[in-house]
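Listed below, chain by chain, are the residues.
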Amino acid sequence: MLHSVILVHRVRVQSLTAQDIAQLKPSPQQILNGEAHNWYRIILGFSDHLVAELLDEFQLQRGDLVLDPFCGSGTTLVECMKRGIDSIGIDANPSSHFAAQVKTNWRLLPERLRELTDDIRVRYRRTLSRKGDHEADGTYRYLTESGMVARGWISEKPLRKAIATKHAIASLATTAPYRRALTLALVAEVVGSASNVKFGPELYCGKKKGDHDVLGGFTNRVDRIAADLERLRRLDRGSARVFLGDARACAEVLGKEGVNDIAAVICSPPYPTEHDYTRNSRLELAFLEEVFNVDSLRVIKRGMIRSHTKGIYSTDDDSVRVKSNIRIQQIASSLRRKVRDKTYGFARFYPTVVTEYFGGMKRHLETLFEVLRPGAPCAFVLGDQSSYQRVHISTAELLGELATEVGFVNPTIRHWRDRWATATAKTVSENILVIRKPLR
């Protein structure tokens, strides 16, 4: 039987005075102690102090190896590094994989980053003065040919300045790690300040900006990265490795690296709702030149858990793994009845999303089981959903059931927070499911 308890958050902030701490009223998503975390953030990511709570609870320490198989931009990995704990991250989204790699590389020299920024200023002015150069750029072509510029994702002038900065970075006489760090600063500036996109939490286009100081914003971000590195390099830090891969086959991904002794898992996987992670990161993917047409986007989506209707394919077959789960099949049957006469949008795929999602997560749990050491705890941050025809999906409870089918023991659910769902105009619960591999 699943039990529900309350997880209380303790916020550890060493750099603030007692008076400052007394005035803080952090929300669960607020990032505190944000060195490296704030270099780039995913709007749907979870918070570093939640990770810190779980590291404390699981009594993880130096010598242990923590896995985040849905690592996003690397929150779990960064927090582990700060505590001297080694970690591994996996993500199927190239933009998340890229960000996590940069945010866990603390070997860069701050003074070298600042020198390169001075060089970029000179190269930027030269590039920007050459009329028409940006039109041959792959990022520019994709954003214009796909209609994203016309639809207002980013305005023409800021885009041209961002492309000039991109070219300046690419032309530097430096090593790939420095170019990647500078590129992350540019991507963060484009998405966070130069573009017109907003998140609530889904992406939408706000008021169009006529212009924006891309170079100034980029430079400020590089300065913050350099300042963080000066603090972080004093730590007796852990190491982190990040792999691009499908979490449904994490044993295969880790097996290639000889990894089979994971001490704990801390992650926040997607859950069945209409969050298209490739849409929310489309500007990043365009600037990294990972997406340049429909086919390149489809390749990325195929490597992800099926959590939304625009990521379903005729060849998908993870649903067979949950054919015997009565509760999941009841949800799917209820949705089939409700969408039987629907002709709009992707409603007909709602039942398929549910069965493919939980089938994919069961496949993930099966392969995860192989690489865990006996007794290893696993924490999954998950949200309930009612966005599909108001049929309630208790994500954590259902995943807990599947975990016991796989062989995990002692599933418990802890309420983390309530979140307002705009689709249903109701609050829904986000929970932490904790499961363990048996000791023998």
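So, how was this worked out
- Residues numbered from 1 in each chain as written.
- Predicted model: local features only at pLDDT ≥ 70, side-chain atom pairs only at ≥ 80, totals over all residues.
- Heavy atoms only, no water.
- Buried < 20%, exposed > 50% of the residue type's maximum accessible area, 1.4 Å probe, protein only.
- Helix = DSSP H or I, 4+ residues; strand = E, 2+ residues; numbered from the N terminus.
- Contact = heavy atoms within 4.5 Å.
- Pairing = 2+ DSSP bridges.
- Arc of directions from axis to C-beta.
- Polar contact = N/O pair within 3.5 Å; in protein donor to acceptor, adjacent residues only side chain to side chain.
- Patch = residues over 30% accessible without salt bridge, like charges linked within 9 Å, V, L, I, M, F, W, Y side chains within 5 Å.
- Areas by Shrake-Rupley, 256 points an atom, 1.4 Å probe, with all protein chains shown as cover.
- Salt bridge = Lys/Arg side-chain N within 4 Å of Asp/Glu carboxyl O.
- Lys, Arg positive; Asp, Glu negative; His and termini not counted.
- Charge placed at Lys NZ, Arg CZ, Asp CG, Glu CD.
- Core = buried A, V, L, I, M, F, W, Y, C linked by side-chain atoms within 4.5 Å.
- Axes fitted to C-alpha atoms, helices over the stretch in contact; angles between N-to-C directions.
- Parallel < 35°, antiparallel > 145°, perpendicular 65-115°, else oblique.
- Left-handed = near helix turned anticlockwise from the far one by under 90°.
- Nonpolar A, V, L, I, M, F, W, Y, C, P; charged D, E, K, R; others polar.
- Phe/Tyr/Trp six-rings, centres within 6.5 Å; stacked < 30°, edge-to-face > 60°.
- Right-handed = clockwise from strand over helix to strand, strands pointing away.

Tell me what's going on with helix H4 (residues 94–103), and back it up with residues and numbers.
Across the ten residues of H4, nine count as buried, placing the element largely inside the fold. Listing the buried residues of H4 in full gives Pro-94, Ser-95, Ser-96, His-97, Phe-98, Ala-99, Ala-100, Val-102 and Lys-103. For H4, the elements touching its buried residues are helix H3 (75–82), strand E3 (86–91), helix H8 (176–194), strand E6 (240–244), helix H12 (282–287) and helix H13 (294–302).

Please set out the pairing of strand E7 (residues 264–267) residue by residue, giving values where relevant.
Every regular strand shows the same layout, with side chains that alternate between the two sheet faces. Burial along E7 is two-sided: Ala-264 and Ile-266 facing one way and Val-265 and Cys-267 facing the other are all buried. Sheet topology places E7 next to strand E8 (residues 377–383); three bridges connect them, and they run parallel. Bridged to Ile-266 within E8 is Ala-379.

So what's going on with helix H6 (residues 138–145)? Which residues, and what values?
Within the span of H6, buried status applies to Thr-139, Tyr-140, Tyr-142 and Leu-143. Seen from one end, H6 has its buried residues packed into an arc of 165 degrees, which puts them on one side. Against the buried residues of H6 lie helix H7 (156–170) and H12. The backbone nitrogen of Thr-139 has a side-chain oxygen 2.9 Å away, supplied by the residue at the start of H6, namely Asp-137. Two residues or fewer past H6, Gly-147 is found with a positive phi of approximately 90 degrees.

Describe a positive patch on the surface, listing the residues and the values that go with them.
There is a patch of like positive charges on the surface, built from Arg-337, Lys-338, Arg-340 and Lys-342. Along the chain, Arg-337 falls in helix H14 (residues 326–339).

I'd like to hear about the nonpolar core, residue by residue, with values.
Among the nonpolar cores identified, the biggest contains 58 residues, and Trp-39, Leu-143, Leu-182, Phe-218 and Phe-287 are the most heavily contacted of them. Here this core takes eleven residues from H8, the largest share from any one element. Among residues more than four places away in sequence, those in contact with Trp-39 are Val-102, Lys-103, Trp-106, Leu-184, Ala-188, Arg-224, Ile-225, Asp-228, Leu-229 and Leu-232.

Mind laying out the packing of H14 against helix H15 (residues 350–371), listing which residues take part and the relevant values?
Their axes nearest at 8 Å, the elements H14 and H15 cross at an angle of 165 degrees. Judged by the angle between their axes, H14 and H15 are roughly antiparallel. In this structure, H14 crosses over H15, and the sense of that crossing is right-handed. Residues Ile-328, Gln-329, Ile-331, Ala-332, Leu-335, Arg-336 and Val-339 of H14 form the contact with H15, whose participating residues are Tyr-350, Pro-351, Val-354, Thr-355 and Phe-358. Across the contact of H14 with H15, the residue classes tally to nine nonpolar, two polar and one charged.

Explain the pattern of salt bridges to me, and be specific about the residues and the numbers.
Per the stated rule, a full pass over the model turns up 29 salt bridges. One salt bridge in this structure joins Arg-327 and Glu-397, with 3.3 Å as the shortest N-O distance. Separated by 70 residues along the polypeptide, Arg-327 in helix H14 and Glu-397 in helix H16 (residues 395–406) bring together distant segments of the chain. Accessibility expressed as a relative area gives 31% for Arg-327, which makes it partly exposed. The exposure class of Glu-397 is partly exposed, given its relative accessible area of 33%. Glu-430 is the partner of Arg-417 in a salt bridge, and the nearest nitrogen-oxygen pair spans 2.4 Å.

Requested: an account of the packing of aromatic side chains, with residues and values cited.
By convention here, two paired aromatic rings are described through the distance between centres and the angle between planes. Summed over the entire model, instances satisfying the criterion amount to four aromatic pairs. Seen in terms of ring centroids, Tyr-350 and Tyr-388 are 4.3 Å apart; in terms of plane orientation they differ by 20 degrees. Their pairing is stacked. Here the residue Tyr-350 occupies a position in helix H15, and Tyr-388 occupies one in the loop between E8 and H16, the gap between them amounting to 38 residues. Residue classification places Tyr-350 among the buried residues on the basis of a relative accessible area of 12%. Ring centres of Tyr-357 and Phe-358 lie 4.9 Å apart, and the angle between their planes is 80 degrees; on these two criteria the pair is classed as edge-to-face. Here the two residues Tyr-357 and Phe-358 agree in accessibility, since each one is buried.

So what's going on with unusual backbone geometry? Residues and values would help.
Its identity is not glycine, yet Gln-59 carries a phi of approximately 55 degrees, on the positive side. With respect to the helices, strands and loops of the structure, Gln-59 is situated in the loop between helix H2 (48–57) and strand E2 (65–68). One non-glycine residue with positive phi stands out, namely Gln-389, at about 55 degrees. By the secondary structure assignment, Gln-389 is in the loop between E8 and H16. Classification of Gln-389 by relative accessible area gives partly exposed; the value is 22%.

Residue-level account of the pairing of E3, with values.
Counted residue by residue, E3 has five buried out of six residues, so it is predominantly covered. Read from E2 through H3 to E3, the crossover connection turns out right-handed. Bridging between E3 and E6 involves five bridges; their strand directions are parallel. Within E6, the residue paired with Ser-87 across the bridge is Ala-240.

Summarise the side chain of Thr-355; cite the residues concerned and give the values.
Of note, Thr-355 is situated in helix H15. Residue Thr-355 is classed as buried on the basis of its relative accessible area, which comes to 7%. With residues up to four places along the chain from it excluded, the contact list for Thr-355 reads Ser-319, Val-322, Ile-328, Gln-329 and Ala-332.

Provide a residue-level description of the environment of Arg-282, including the pertinent values.
Tracing the sequence through the fold places Arg-282 in helix H12. For Arg-282, a relative accessible area of 12% gives the class buried. Sequence separation of Arg-282 and Val-191 is 91 residues, and the distance between their C-alpha atoms is 9.6 Å. In this structure Arg-282 touches Tyr-142, Met-148, Trp-153, Asp-276, Val-291 and Leu-297, once residues within four positions along its chain are discounted. A polar atom in the side chain of Arg-282 sits 3.0 Å from the backbone oxygen of Thr-278.

The analysis is restricted to geometry; functional conclusions fall outside its scope.
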